[in-house]
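Analysis of the macromolecular model
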Amino acid sequence: MVNYGINKYTYTGDIMEYKRINLDYNSLEPYIDNKTLDLHYNVHYKNYTDNLNKYLNKHNYKYDHNPIYLAKHIDILPMEDRDEILYNLGGYLNHSLYFYTLSNIKKEIPTPMLNLINKYFTSYDNFKKEFIDMALQVKGSGYTFLVIDKNNNLRIINTSNQDTPYYYGFTPIMTIDVWEHSYYLKHNNKRKDYLEDIFNIIDYTKVYNLYLSNISPSLWSQSLHKYFWAEVSKITIQKNIVTISLLYFYNHYYDVNVAVTPDLLPLASTASKVILPV
């Protein structure tokens, strides 16, 4: 059984699919108008999600990996329709991150996140300026991302169309969508005004948690490409079977069943993090 938020499915007999993340807000006014939010989430994001699932089901994909894994291992899919899968997978992942890191509640930047920003960009004001300047350089359609590189450093990068940073070896933890459908109804052709507005609704607590979830601890050294940390959301035990519900993809969950010996049950019931093979 796999559990993506409130959406559950099994691998036998049911239609399997990736799901859009659930929004924890109904409005982002006055920074993003309600009409744009509705069209962006319920039309554009939905279309990328539906098209991704259509092509994956066409090739009998078993949905036995999270979508980030698929972005990193697209070679497991046949060459036929690979371009369409890459395009829609990027659209799905990029929109998931975009909507996840927005908030209708004004929040302070966590001190550890602010320290990181100061370390890599000298100050928050400079970080914001660099990010907006990069976003203004996107030609046509695309995204600007805050990413973690392979050395755990933070960088600001652009991608075109629906390319995701995962395709280039980066891990995104924040993004601003600069496709015109993200802002044109309210901001018309004034992309800079949209960028200034959206910085008022970024949830840096979520950004920081994504940073923590994706940095590679040095103690893993040679095994960095094989494992990642997953936050444990819930643990249930029946006899010697431990079911661990893991937060692994924004606000999606993944259930793992593990058989353990009786002497390990007390330890399993108090676990807060686990290492999973990717």
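Conventions and cut-offs
Residues numbered from 1 in each chain as written. Predicted model: local features only at pLDDT ≥ 70, side-chain atom pairs only at ≥ 80, totals over all residues. Heavy atoms only, no water. Helix = DSSP H or I, 4+ residues; strand = E, 2+ residues; numbered from the N terminus. Buried < 20%, exposed > 50% of the residue type's maximum accessible area, 1.4 Å probe, protein only. Contact = heavy atoms within 4.5 Å. Areas by Shrake-Rupley, 256 points an atom, 1.4 Å probe, with all protein chains shown as cover. Core = buried A, V, L, I, M, F, W, Y, C linked by side-chain atoms within 4.5 Å. Salt bridge = Lys/Arg side-chain N within 4 Å of Asp/Glu carboxyl O. Polar contact = N/O pair within 3.5 Å; in protein donor to acceptor, adjacent residues only side chain to side chain. Pairing = 2+ DSSP bridges.

**Side note on the overall build of the protein**
Along the protein, the regular secondary structure elements total 9 helices and 9 strands. Expressed as a percentage of its 278 residues, the buried residues of the protein come to 44%. Considering only residue pairs separated by 6 or more positions, the protein has 63% of its internal contacts joining residues 24 or more positions apart. For the protein, the accessible surface area stands at approximately 14300 Å², while carbon and sulfur atoms represent 50% of it.

**Looking at the nonpolar core**
In a soluble, globular protein the nonpolar side chains are often hidden away together inside. Counting 66 residues, the largest nonpolar core has F127, L146, F199 and Y204 as the members making the most contacts within it. Element by element, the count of residues in this core is highest for helix α3 (residues 82-100), at 8 residues. Not counting residues within four places of it along the chain, the set of residues in contact with L146 comprises M113, F121, F127, F131, L154, R155, I156, T171, P172, I173, M174 and V207.

**Quick notes on the pattern of salt bridges**
As a working rule, side chains carrying opposite charge can pair if their charged atoms are close by. Tallied over the entire structure, the rule returns 9 salt bridges. E80 is the partner of K58 in a salt bridge, and the nearest nitrogen-oxygen pair spans 3.4 Å. Pair noted here: K58 is in helix α1 (residues 34-58) and E80 is in the loop between α2 (67-72) and α3, with a separation of 22 residues, a long-range link. What makes K58 partly exposed here is its relative accessible area of 48%. Residue K129 pairs with D133 through a salt bridge whose shortest N-O separation is 2.8 Å. Placement of both K129 and D133 in helix α5 (residues 124-136) is noted, with a separation of 4 residues, approximately one turn of the helix. Look at D133 and you get partly exposed, because its relative accessible area is 29%. Taken together, the shared-partner salt bridges connect K58, E80 and D81 into one network.

**Remarks on helix α8 (residues 204-214)**
Where α8 is concerned, the buried positions are Y204, K206, V207, Y208, L210 and Y211. At its buried positions, α8 is contacted by α3, α4 (111-121), α5, β3 (142-148), β4 (154-160) and β5 (171-177). At the N-terminal end of α8, a side-chain oxygen is found 3.0 Å from the backbone nitrogen of T205, two or three residues along, and the residue is D203.

**Regarding the pairing of β3**
Across the 7 residues that make up β3, a large majority, 7, are buried. Neither face of β3 is exposed, since G142, T144, L146 and I148 on one face and Y143, F145 and V147 on the opposite face are all buried. As paired elements, β3 and β4 share 7 bridges and run antiparallel to each other. Residue pairing in the sheet places L146 in a bridge with I156 of β4. Hairpin connection between β3 and β4: a loop of 5 residues separates the two successive antiparallel strands, and N152 in this loop has a positive phi of roughly 70°.

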